[in-house]
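For reference, the chains in residue letters:
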Amino acid sequence: MARAYETVIGLEVHAQLKTATKLFCGCPTDYGAAPNTQVCPVCLGLPGALPVPNERAMELAAIAGLALGCDVRSESRFDRKNYFYPDLSKGYQISQFEHPLNLGGHLTFLVGDQEKTVGLTRIHVEEDAAKNLHGAGGGAATVVDFNRGGTPLIEIVSEPDLRSAVEAEAYLRKLRDVLMFLGVNDGNLEEGSFRCDANVSVRPVGQEEFGTRTEIKNINSFKFVRQAIDYEVSRQVGVLESGGRVVQETRGWNDVTGKTFSQRSKEDAHDYRYFPDPDLPPIVFGAERIEALRKAAPKLPEQLRAEWTSEWGLTPYDAEVLTGHPAIAAYFGEVAGALDAGGREPRAEAGKRAANFIQAEVLRDVKTSGLDATFSVPAADVAELLSRVQAGTLTGKQGKQVFSEMASSGEGAEAVIARLGVQAPISDTGALEGDIRAIIAANPAQHEQYKAGKTKVLGFFVGQVMRVTKGAADPATVNALLERLLQE
Amino acid sequence: MDDGKISSEQVRHVARLARLQLDDVEVEALRGQLDAILGYVAALDAVDVTALLPSFHAIPILSPLREDVATPGLTRERALAAAPASDGEGFAVPKVLEGA
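Predicted, not measured: the structure shown is a model, and the values here were computed from it.

**Thoughts on the overall build of chain A**
Then step 1. The helix and strand tally for chain A stands at 15 helices and 19 strands.
Then step 2. Relative to the 2.2 N^0.38 estimate, which gives 23 Å for 488 residues, the radius of gyration of chain A is 31 Å and therefore markedly larger than a compact globule would have.
Then step 3. On the principal axes, the C-alpha backbone points of chain A span a range of 100 × 60 × 55 Å.
Then step 4. Expressed as a percentage of the 488 residues in chain A, the buried residues total 49%.
Then step 5. Sequence separation of at least 24 residues holds for 67% of the intrachain contacts in chain A that already meet a minimum separation of 6.
Then step 6. Both charge centroids of chain A, one from 52 positive and one from 65 negative side chains, sit 3 Å from each other.

Written out as structure tokens, the structure reads:
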């Protein structure tokens, strides 16, 4: 290309708030129910039905705002955004326009190893639209399912601070992580509970004013966000380079063709005629209420990582792995906390013990789906098992064997130990010394080899001791004793 | 209103947003009526409101909030009962084109 262009991206993320019920009525928000079985006069927009805001939804939206550095407003209001579409029962969407709950804010994330901070314009609360099922039903071409209609969302609007598709993806991954750790959103892109519109423009490098932007709607995977932005950037540069002008419009993303396509041009750009919803008086969260929410909010991954590396003996790598999912972080927290509470070893030792065991044994069987995760053994049982290793009544190796049996049988540590007849390791030097002396006496040739410098035969003696003690000897004690007695 | 007059074009614009089909006679009639209505409201322009905050609601109350607990809704049969068309599961509407 003749000129160099700079890409400018702003993102609008719609994240479903993790509530049991809809934003303005008591209908459940469960995903996957049969069409139109979670509906009522309010979310169907029947005449005379009145909306009442869901308190939990407003709290979750405020928690997100607090974590993202927003100015959480003590008073917020709802407006009507008017347009006609079959997925909108009332002919308007209830959203926040003039007085959103959260203003400003920012998100800091890593792009490769570079830290980047993107400003947020606002985070407002709104209801989701219903779902158009295309091609379903006999004869009718479009059928509307209102189960999703009225589901609470926050829309997180970024400033046009992103400069590449890679940055956009890193921003989205970090944002999703934050919302999941806060318990605000389940992060489930496939089910549409976290989706993104991208505003994309290009301008010649050095030009101050922004180029004309297009908005790519409803992209539901990180990969597609990257691909859609890259495609759109090259399309816009192509238009400009061939002497054309970029048209301000809404575009869709076709993941089959790998292209964006024009959906609506500016001529019929929507004029939403926002006005305050007369059915909904202002919502007030006082300063005390907001402070209480701030205090009660769950910790974010970077806070956990900082604590775990400074106090709990974890390497940055361990901390990264264990904050990979909120449920895994909670699991580690429970196990490490229980081991630390036992007071048998310093906190850093207990943390390292829990981290090593979870990474080596527990994580390979974990399945996550949204905010949920299934573990083969509950954290409390692993804590109980590891406290036995900590106390020296199980060797590390025995601990792993018992764990594997717990995972397959579903029994607790005690039951498995009893059933398998696992012996406590013999770490009593007095008890072991007799056995070891007898073994040395019975193997004079190997003893001579050892004394001649062939220290590899130590392994032979360890094996003999383990055989005699049926694996119950504490390995560290055996090694130390053998090294001493073989010198004699 | 800049000059206190509604133009025919403004009437057509609002009509299109509201999905109303108006002929020229109707546009003119409504233009006159809208002018009269807005002219009536414009009497408020004479009041000095510089020291007042805008009010968004007729009565100064705060919104009640609802606990996040599910309540019974409508059965699907009842929900669809008044629909002009349905396939038994959902509300049938004219085909929505979303391009491709």
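**A few points about the sheet that holds strand β10 (residues 142-145) of chain A**
Then step 1. Strand order in this open sheet of three strands is β9(A)-β10(A)-β1(B), and the pairing throughout is antiparallel. The two strands at the open ends of the sheet, each matched to only one other strand, are β9 (131-134) of chain A together with β1 (91-93) of chain B. Averaged over all neighbouring strand pairs, the angle between strand axes comes to 35 degrees, with direction disregarded.
Then step 2. Inspection of the sheet shows β9 of chain A paired to β10 of chain A by four bridges, in the antiparallel sense. Among the inter-strand pairings, Asn-132 of chain A is bridged to a residue of β10 of chain A, identified as Val-144 of chain A.

**Side note on the layout of surface pockets**
One simple way to see leftover space: roll a probe sized like a water molecule over the atoms.
Residue and element names in this part refer to chain A.
Then step 1. Quantified by volume, the second largest pocket comes out at close to 570 Å³.
Then step 2. Elements with a contribution of two residues or more to the lining of the second largest pocket: β7 (106-111), α2 (165-181) and α5 (301-311).
Then step 3. A breakdown of the residues in the lining of the second largest pocket according to their chemical character gives eight nonpolar, five polar and seven charged.
Then step 4. Counting only domains with at least three residues in the lining of the second largest pocket, you end up with domain 1 (5-288) and domain 2 (299-420).

**A look at the interface of chain A and chain B**
Then step 1. Chain A puts 53 residues into the contact, and the matching count from chain B is 33 residues.
Then step 2. Of the roughly 3,600 Å² buried at the junction of chain A and chain B (both faces included), carbon and sulfur atoms supply 62%.
Then step 3. At the junction of chain A and chain B, the tally comes to zero salt bridges.
Then step 4. Seen at the junction of chain A and chain B, the total is 17 residue pairs in polar contact (both at pLDDT 80 or more).
Then step 5. At the level of elements, α1 (55-67), β9, β10, β15 (259-265) and β17 (283-284) of chain A are the ones that each hand at least two residues to the side of chain A that touches chain B.
Then step 6. Considering every element that reaches the side of chain A that touches chain B, the biggest residue donor is β10 of chain A, with three residues.
Then step 7. For the side of chain A that touches chain B, a count of residues per class yields 32 nonpolar, 14 polar and seven charged.
Then step 8. Examined bridge by bridge, β10 of chain A and β1 of chain B share three bridges and lie antiparallel to one another. Considered in β1 of chain B, the bridge of Thr-142 of chain A is made with Val-93 of chain B.

Analysis parameters
Residues numbered from 1 in each chain as written. Chains lettered and ligands numbered in written order. Predicted model: local features only at pLDDT ≥ 70, side-chain atom pairs only at ≥ 80, totals over all residues. Heavy atoms only, no water. Helix = DSSP H or I, 4+ residues; strand = E, 2+ residues; numbered from the N terminus. Rg over C-alpha atoms; globule rule 2.2 N^0.38 Å. Buried < 20%, exposed > 50% of the residue type's maximum accessible area, 1.4 Å probe, protein only. Contact = heavy atoms within 4.5 Å. Lys, Arg positive; Asp, Glu negative; His and termini not counted. Charge placed at Lys NZ, Arg CZ, Asp CG, Glu CD. Pairing = 2+ DSSP bridges. Axes fitted to C-alpha atoms, helices over the stretch in contact; angles between N-to-C directions. 1 Å grid on protein atoms, 1.4 Å probe; cavity = no way out; pocket = protein on both sides within 12 Å on 5 of 7 lines; lining within 4 Å. Points joined across faces, edges and corners; volume = space filled by probe spheres on them. Nonpolar A, V, L, I, M, F, W, Y, C, P; charged D, E, K, R; others polar. Domains from an automatic or database assignment. Buried area = accessible area lost by both parts, 1.4 Å probe. Salt bridge = Lys/Arg side-chain N within 4 Å of Asp/Glu carboxyl O. Polar contact = N/O pair within 3.5 Å; in protein donor to acceptor, adjacent residues only side chain to side chain.

Everything listed is a geometric property; what it means functionally is a separate question.
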